[in-house]
Amino acid sequence: MSLKEYLLKKDYYSIPLKKTKTNHFSLSAKINGIKGHFILDTGASNTCIGIDLVEKFNLTAEASETKAAGAGATEMDTQQASDVKIKIGKWKYYNLHLVLFDLSHVNTALINHLVKPVDGIIGADVLEKGKAIIDYKKKRLYLKKKLFLY
């Protein structure tokens, strides 16, 4: 039995991943019903959206004292959004907390490598909520179907 067959029997959804030229996995997801392009980052503690995309994803930005760091940038100011709906493939979660910050440094690096810019980063918070399993060889993300959504 393949990993995919096994996990589908264990109530997981299978989501295809694309490998970028920068060796990241990317995927599509919907935030508040709006489709976006994201990098999957197991090392990112939180799921993030570019602060310039608050209106695109119908988010309500709130003040945050958290500072963000990553991809060569540190001590970046952030905002936050709560009660956000996310859908990845058929997997859904209705009470997501997002970090909002300037992702221009990330997108500049991607563009310099001829990779499509992203709207955000799917982080470990979502992966943990979905009891994620990543099949690196087959380029698939598996997220558990049955969740408590609140």
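Above this text you will find the structure in question.
The rules behind the values
Starting afresh in each chain, residues are numbered from 1 along the sequence in its written order. Reporting in this predicted model follows two pLDDT cut-offs: at least 70 for local features of residues, and 80 or more for side-chain atom pairs to be given and counted; totals over whole chains, interfaces and linings ignore these cut-offs and use all residues. Side-chain numbers come from the whole structure's heavy atoms, not from hydrogens or water. The way it works is that DSSP assigns letters per residue, a run of H or I at least four long becomes a helix, a run of E at least two long becomes a strand, and they are numbered from the N terminus. Relative accessibility decides the category of a residue: with a 1.4 Å probe and only protein chains considered, values under 20% of the type maximum give buried, values over 50% give exposed, and everything between is partly exposed. Residue contacts follow a heavy-atom distance rule, with two residues in contact if any of their heavy atoms lie within 4.5 Å. Using a 1.4 Å probe, the Shrake-Rupley method yields the accessible areas, and only the shown protein chains count as cover for residues. Buriedness of a pocket was judged along seven lines, with at least five required to meet protein on both sides within 12 Å; pockets are open sets of points on a 1 Å grid over the protein atoms alone, cavities are sets where a 1.4 Å probe fits but cannot get out, and lining residues have an atom within 4 Å of a point. Grid points are joined across faces, edges and corners, and a volume is the space filled by probe spheres set on the points. In this classification, the charged set is Asp, Glu, Lys and Arg, the nonpolar set is Ala, Val, Leu, Ile, Met, Phe, Trp, Tyr, Cys and Pro, and all remaining amino acids, among them Gly, are polar. The pairing criterion is simple: DSSP has to find at least two bridges between the two strands.

Caption draft 1: Highlighting the overall build of the chain. Tallying secondary structure elements over the chain gives three helices and 11 strands in all. Put simply, the chain runs from its N terminus to its C terminus through helices and strands in the order α-β-β-β-β-β-β-β-β-α-β-α-β-β. Within the span of the chain, comprising 150 residues, buried residues form 40% of the whole. Considering only intrachain contacts with a sequence separation of at least 6, the fraction spanning at least 24 residues in the chain is 59%. As presented, the chain carries roughly 8,800 Å² of accessible surface, and 50% of it is formed by carbon and sulfur atoms.

Caption draft 2: Broad picture of the layout of surface pockets. Reported here for the second largest pocket is a volume of approximately 190 Å³. Lining the second largest pocket are Pro16, Leu17, Lys18, Ser26, Leu27, Ser28, Lys35, Gly36, His37 and Lys116. For the lining of the second largest pocket, the secondary structure elements donating two or more residues are β3 (25–31) and β4 (34–40). Here the lining of the second largest pocket is built from residues that sort into three nonpolar, four polar and three charged.

Caption draft 3: Spatial organisation of the pairing of strand β11 (residues 140–144). Counting buried residues in β11 gives four out of five residues, a clear majority hidden from the surface. Both strand β1 (residues 12–16) and β11 contribute to a ladder of five bridges, which runs antiparallel. Bridging from a neighbouring strand, Pro16 pairs with Arg140 of β11. Note: strand β10 (residues 133–135) against β11, three bridges, orientation antiparallel. Directly across from Ile134, in β11, lies its bridge partner Leu141. Adjacent in sequence and paired antiparallel, β10 and β11 are bridged by four residues, among which Lys139 carries a positive phi angle near 55°.

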